[in-house]
Amino acid sequence: MNQLQNNQETPVEKSTTVFVGKIPLGIEDEFLKAIFSKCGTVLKWKRALDDDGCPKSFGYCEFSSVEEVERVLRVIPSFKFEDKELKLSIDTKTKTYVDFCQQQRGDSVDHSERDAEDQKVKEAIQAVVDLRKEHGGYFAQEELSLPDKVIEKSVTSDIAKFRMKLQEDSIKKQKESERYSKLQKERNKASENEKNNENSESRASSPESSSRDDERRSSSKERREKQERDELYERERIHRLRSDNRQREARRIESQKRRAEDIEAEYKRLKKEIERNEYERERNKRKKREREEHERSKIERIHAKELRTDVNSSDGSDSEIDNFTKNKRRREREKEFEDDEIDRLKEI
């Protein structure tokens, strides 16, 4: 299907935008984008804003393919967010493009495979919903909601990588040391062979070749001195390299420790902030319940007082018409108190 869309020109304009309505005001854009990304690749997500910059209850989501549009229309309606279902729809342009792609595709869709993929997507969406519930009904970015095990796993992974690097550097140093030892042995062997040749030549030479022997010995001495200088320079170079490596390793270890400490401090700060928000939320709920109980008891006391007043003011000598009028007025006041209490509770 993707090859058909990419390689063949379609007579209709491509459109893969889905309208999302009836969004609860407490739902974050990051949460909605995370939900839709489980159904496919989200190219663009835009939520409408009012004049004050607050998010409205509808938005638009653009996907990368028709299959993803069909999947989101099948999967998302089976979920409720804050006891409400999202309203998903597509405009005429997108509907025309979807119908065209379905005609091109024909009956080649494997429904069992499609149902299996939908089930996996539902499980992934449910995991995101559960994660939001675990964090007190709000959804933050992934790095700001990492649990203890995830942070511990990240730090452990960094430490393991650092140990592997140390092991590799140790092996590299060992190989370099072996190479240097081998080179030193070869040089020593060459020097001994050269000395043996010079001794044998000196014993077999005649007095006339003494000058040539002296020149040969002087040149050999110069070569040995040059070789010793080269070896000294090589040893100093290796020493500098090892010293630099030790300093780099020390800096890397210090950087890893600081990074682990920063991650742990950030996690503790976020945990405290979540606990503080949860405490504030519970305290506000408790205060609200206390206010409601106080208002309800106040209304009941007023109601009882007026009833007692009506009873005391009634006279046994009143006529039947007066009693009927008083009873009617008392019922009207009771109804007014009940209506006032219902209106007040609705406003709260």
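A brief report on the enclosed structure follows.

So, how was this worked out
- Sequence order sets the numbering: in each chain, residues are counted from 1 along the sequence as written.
- Local features in this predicted model are restricted to residues of pLDDT 70 or higher, and side-chain atom pairs are both shown and tallied only at a pLDDT of 80 or more, whereas totals for entire chains, interfaces and linings draw on every residue.
- The basis for the side-chain values is all heavy atoms of the structure; hydrogens and waters are excluded.
- Secondary structure is summarised from DSSP: a helix means a run of H or I of at least four residues, a strand means a run of E of at least two, and numbering begins at the N terminus for each.
- Buried residues are those whose accessible area, probed at 1.4 Å on protein chains only, stays under 20% of the maximum for their type, while exposed residues exceed 50% and partly exposed ones sit between those limits.
- For this analysis, residues touch if any pair of their heavy atoms sits within 4.5 Å.
- Here, Shrake-Rupley sampling with a 1.4 Å probe gives the accessible areas, and only protein chains in the shown set may cover a residue.
- The patches described consist of residues with a relative accessible area above 30% and no salt bridge, like charges being joined within 9 Å and nonpolar side chains (Val, Leu, Ile, Met, Phe, Trp, Tyr) within 5 Å.
- Only one rule defines a salt bridge in this text: a Lys or Arg side-chain nitrogen within 4 Å of an Asp or Glu carboxyl oxygen.
- Only four residue types enter the charge count: Lys and Arg as positive, Asp and Glu as negative, with His and the chain ends excluded.
- Note that the charge is assigned to NZ on lysines, CZ on arginines, CG on aspartates and CD on glutamates.
- Think of a nonpolar core as a cluster: buried Ala, Val, Leu, Ile, Met, Phe, Trp, Tyr and Cys residues, connected wherever their side-chain atoms sit within 4.5 Å.
- Expected helix span is taken as 1.5 Å per residue step, with the number of steps being one fewer than the number of residues.
- Strands are labelled as partners when DSSP assigns at least two bridges between them.
- The rule is short: rings of Phe, Tyr and Trp, with Trp giving its six-membered ring, pair when the centres are within 6.5 Å, and they are stacked under 30 degrees, edge-to-face over 60, tilted in between.
- For a ring to carry a charge above it, either NZ of a lysine or CZ of an arginine must fall within 6 Å of the ring centroid while also lying within 35 degrees of the normal to the ring plane.

1. Some thoughts on the overall build of the protein chain
Moving on, step 1. Assigned secondary structure in the protein chain consists of eight helices and four strands.
Moving on, step 2. In the protein chain, the order of α-helices and β-strands from amino to carboxyl end is α-β-α-β-β-α-β-α-α-α-α-α.
Moving on, step 3. Looking at the protein chain as a whole, 21% of its 348 residues are labelled buried.
Moving on, step 4. A sequence separation of at least 24 residues applies to 72% of the contacts in the protein chain between residues at least 6 apart.
Moving on, step 5. Carbon and sulfur atoms form 48% of the exposed surface of the protein chain, whose accessible area is close to 25700 Å².

2. Considerations on a negative patch on the surface
Moving on, step 1. A cluster of acidic residues, Glu332, Glu336, Asp340 and Asp343, forms a negative patch at the surface.
Moving on, step 2. If you trace the backbone, aspartate 343 turns up in helix α8 (residues 320-347).

3. Overview of the pattern of salt bridges
Moving on, step 1. Enumeration over the complete set of coordinates arrives at 20 salt bridges.
Moving on, step 2. Residue glutamate 264 pairs with lysine 268 through a salt bridge whose shortest N-O separation is 3.5 Å. Separated by four residues within a single helix, glutamate 264 and lysine 268 lie in helix α7 (residues 210-313), roughly one turn from each other.
Moving on, step 3. A single salt-bridge network, built from bridges that share partners, covers Arg71, Arg74, Glu117 and Asp118.

4. Thoughts on the nonpolar core
Moving on, step 1. Within the largest apolar cluster, 26 residues are counted, with the highest numbers of intra-cluster contacts made by Phe36, Ile76 and Ile125.
Moving on, step 2. At the level of secondary structure, the elements contributing two or more residues to this core comprise β1 (17-21), α2 (29-37), β2 (42-49), β3 (55-63), α3 (66-75) and α5 (111-134).
Moving on, step 3. If one sorts the elements of this core by residue count, α2 sits on top with five residues.
Moving on, step 4. Not counting residues up to four positions away in its chain, the partners in contact with phenylalanine 36 are Val20, Val42, Trp45, Cys61, Phe63, Val72 and Ile76.

5. Overview of α5
Moving on, step 1. An ideal rise of 1.5 Å per residue puts 34 Å on 24 residues; α5 measures up with 34 Å between its terminal C-alpha atoms.
Moving on, step 2. Turning to α5, its buried residues number three or more, namely Asp118, Val121, Ile125, Val128, Val129 and Arg132.
Moving on, step 3. For α5, the elements touching its buried residues are α2 and α3.

6. Points about the pairing of β3
Moving on, step 1. In this structure, β1 lies alongside β3, joined through four bridges in antiparallel fashion. From the neighbouring strand, threonine 17 faces β3, where its bridge partner is glutamate 62.
Moving on, step 2. Bridging between β2 and β3 involves six bridges; their strand directions are antiparallel. Each residue of the ladder has a partner; that of lysine 44, found in β3, is glutamate 62.
Moving on, step 3. Adjacent in sequence and paired antiparallel, β2 and β3 are bridged by five residues, among which glycine 53 carries a positive phi angle near 85°.

7. Digging into the packing of aromatic side chains
Moving on, step 1. The tally for this structure, following the rule as stated, stands at six aromatic pairs.
Moving on, step 2. Judged by centre distance (5.6 Å) and plane angle (65°), the ring pair of phenylalanine 19 and tyrosine 60 falls under edge-to-face. Taken together, the residues phenylalanine 19 in strand β1 and tyrosine 60 in strand β3 connect sequence positions 41 residues apart.
Moving on, step 3. Residue tyrosine 60 is classed as partly exposed on the basis of its relative accessible area, which comes to 41%.
Moving on, step 4. Taking 6.4 Å as the distance between ring centres and 20° as the angle between the ring planes, the aromatic pair formed by phenylalanine 79 and phenylalanine 81 counts as stacked.
Moving on, step 5. According to the relative accessible area criterion, phenylalanine 79 is buried, its value standing at 9%.
Moving on, step 6. Owing to a relative accessible area of 3%, phenylalanine 81 belongs among the buried residues under this scheme.
Moving on, step 7. What links up through ring pairs into an aromatic cluster is the set Phe19, Phe58 and Tyr60.
Moving on, step 8. Positioned above the aromatic ring of phenylalanine 31 is the side chain of arginine 132, whose terminal nitrogen or guanidinium carbon lies 5.2 Å from the ring centre.

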